[in-house]
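# Residue-level structural notes
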Amino acid sequence: MTEKKLAAKRLLLFLVLAFGISWIPALILNRVFGYHAWFETNRMPLFALPVLYAPALANVLTRKLTHEGWEHSLLRLRLKGNLKYYLTSLLLVSALSLPSGALAVLISGGDWGTDGLTGTELASALLSTFATAPLLGFLTFGEEFGWRGYMNQKLECLLGTTGTVLAGGILWGLWHAVLTVQGHNFGTEYPGFPYVGIGAMCLSCIANGSILMWLTKKTNSIYPAAILHAMFNYGGALPGQLLSGKVQALTIPQQLLCQIPLYVAGLVCLLLMVHAKRQNATK
């Protein structure tokens, strides 16, 4: 079997497992308890964790079932020489949130700033976010060990770097669909529900995935990506949210426009990866 055929076989098995392990229990839990009760309230973490860790479990099972071994598992921290990338993983989301917050105010025509928080409270909230992000990376490790630690490697063998960013982002976005159809991230009261929300999630995952893939490639480790992912999910965008705290709910098209800084960062990371790959090919 050729290298590409083997990669395709392993990728297909991984995707079946990653989607199946998360979607089957999620569909059951949505039906029995309701999405809000089991996922949004955090009252049922033992149910949520297997869903969040499905890509990691799929990685482990695929390697085991296909006798692949643990080469290129990206599980080492590799701190030496990579501290700047770990720092980037902590700060980038907050940095991107500022122009995004400004766009939210300009697009909506709302007011700047937020109500009810003192400067000390704002500083405390930011410091708390930065301090806990490495710990919250435990929650996002399950996805990063699967997507960046396995799926991307197989996709790149088949589709190249650009194809991996695009296809990987779409697959990652579709994986969220079992929650998106219940109102995750975008709610349910918007035109084109739930398909517009699923499409918007795919666009965001393409941009996010490009940045996460770049960090993983630069460090040969999944942990910076897990930290950055945690910052995306758990308060890293707080500076921008405080800047636009008085803005009312935005439509999905408005939200996508506010993500222009994210798309630019994702494009820059993609160009950097393509350039690095060409340089390595000429050596």
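Use the structure listed above.
Because the structure is predicted, anything quoted here is derived from the model rather than measured.

What counts as what
Residues numbered from 1 in each chain as written. Predicted model: local features only at pLDDT ≥ 70, side-chain atom pairs only at ≥ 80, totals over all residues. Heavy atoms only, no water. Phe/Tyr/Trp six-rings, centres within 6.5 Å; stacked < 30°, edge-to-face > 60°. Helix = DSSP H or I, 4+ residues; strand = E, 2+ residues; numbered from the N terminus. Buried < 20%, exposed > 50% of the residue type's maximum accessible area, 1.4 Å probe, protein only. Salt bridge = Lys/Arg side-chain N within 4 Å of Asp/Glu carboxyl O. Contact = heavy atoms within 4.5 Å. Polar contact = N/O pair within 3.5 Å; in protein donor to acceptor, adjacent residues only side chain to side chain. Patch = residues over 30% accessible without salt bridge, like charges linked within 9 Å, V, L, I, M, F, W, Y side chains within 5 Å. Areas by Shrake-Rupley, 256 points an atom, 1.4 Å probe, with all protein chains shown as cover. Core = buried A, V, L, I, M, F, W, Y, C linked by side-chain atoms within 4.5 Å. Expected span 1.5 Å × (residues − 1).

Quick look at the packing of aromatic side chains now. With the rule as written, the count across this model stands at 13 aromatic pairs. With a centroid separation of 5.3 Å and an interplanar angle of 35 degrees, the aromatic rings of phenylalanine 14 and tyrosine 150 are classed as tilted. Remark: tyrosine 150 occurs in helix α6 (residues 119–175) and phenylalanine 14 occurs in helix α1 (residues 3–32); sequence separation between them is 136 residues. Look at phenylalanine 14 and you get buried, because its relative accessible area is 0%. Assessed through its relative accessible area of 0%, tyrosine 150 is described here as buried. For the ring pair phenylalanine 141 and tyrosine 223, a centre distance of 6.2 Å and an interplane angle of 20 degrees mean the geometry is stacked.

One pass over the structure, following the stated rule, counts five salt bridges. In this structure, lysine 154 and glutamate 68 form a salt bridge, with 2.8 Å as the shortest nitrogen-oxygen distance. Taken together, the positions of lysine 154 in helix α6 and glutamate 68 in the loop between α4 (54–65) and α5 (83–108) put the pair 86 residues apart, joining distant regions of the chain. Residue glutamate 156 pairs with lysine 277 through a salt bridge whose shortest N-O separation is 3.6 Å. A residue pair is termed long-range when its members are at least 10 positions apart, and glutamate 156 in helix α6 and lysine 277 in helix α12 (residues 260–282) qualify at 121 residues. Glutamate 156 sits in the buried class, given a relative accessible area of 17%. Given the relative accessible area of 40%, lysine 277 is considered partly exposed. A cluster of three or more residues bridged by salt bridges with shared partners is formed by Arg10, Glu68 and Lys154.

Our focus in this paragraph is the side chain of serine 100. As for its position among the elements, serine 100 is in helix α5. If sequence neighbours within four positions are ignored, serine 100 has contacts with Cys258, Gln259 and Pro261.

The next point concerns the side chain of threonine 62. With respect to the helices, strands and loops of the structure, threonine 62 is situated in helix α4. Given the relative accessible area of 0%, threonine 62 is considered buried. Side-chain polar atoms of threonine 62 contact the backbone oxygen of alanine 58, separated by 2.7 Å. For threonine 62, the contacting residues outside a window of four places in its chain are Arg10, Leu13, Phe14, Leu17 and Tyr150.

A word on a nonpolar patch on the surface. Residues Ile24, Ile28, Val32, Phe33 and Phe47 make up a contiguous nonpolar surface patch of roughly 490 Å² in combined accessible area. Among the elements that make up the nonpolar patch, the one with the highest residue count is α1 (three residues). Mapped onto the fold, valine 32 is located in helix α1.

Further remarks concern the nonpolar core. In terms of nonpolar packing, the biggest core is built from 43 residues, with Phe14, Trp147, Met151 and Ile211 touching the most fellow members. Only α1, α5, α6, α8 (195–219), α9 (223–233) and α12 provide two or more residues apiece to this core. In terms of residues, this core owes the most to one element, α8, which gives ten residues. Not counting chain neighbours up to four residues away, the residues in contact with isoleucine 211 comprise Leu92, Leu96, Leu228, Leu262, Ala265, Gly266 and Cys269. Ranked by size, the runner-up nonpolar core spans eleven residues in total, among them Leu29, Tyr35, Ala48 and Leu179.

The end-to-end C-alpha distance of α4 is 16 Å, a good match for the 16 Å that twelve residues give at a rise of 1.5 Å each. Listed as buried for α4 are Ala54, Pro55, Ala56, Ala58, Asn59, Thr62 and Arg63.

This brings us to unusual backbone geometry. Omega for the bond connecting phenylalanine 193 with proline 194 falls within 30 degrees of zero, at 0 degrees, which places this linkage in the cis form. Along the chain, proline 194 falls in the loop between α7 (177–180) and α8. A positive phi angle is found at histidine 67, which is not glycine, with a value near 55 degrees. As for its placement among the helices and strands, histidine 67 is situated in the loop between α4 and α5. Residue histidine 67 is classed as exposed on the basis of its relative accessible area of 71%.

Look at α1: 43 Å from first C-alpha to last across 30 residues, which is about the 44 Å you get at 1.5 Å a residue. All of the buried residues along α1 are Ala7, Arg10, Leu11, Phe14, Leu15, Leu17, Ala18, Phe19, Ser22, Ala26, Leu29 and Asn30. Looking one or two residues beyond α1, the residue adopting positive phi is glycine 34, at roughly 95 degrees.

Any functional reading would require information that these geometric values do not contain.
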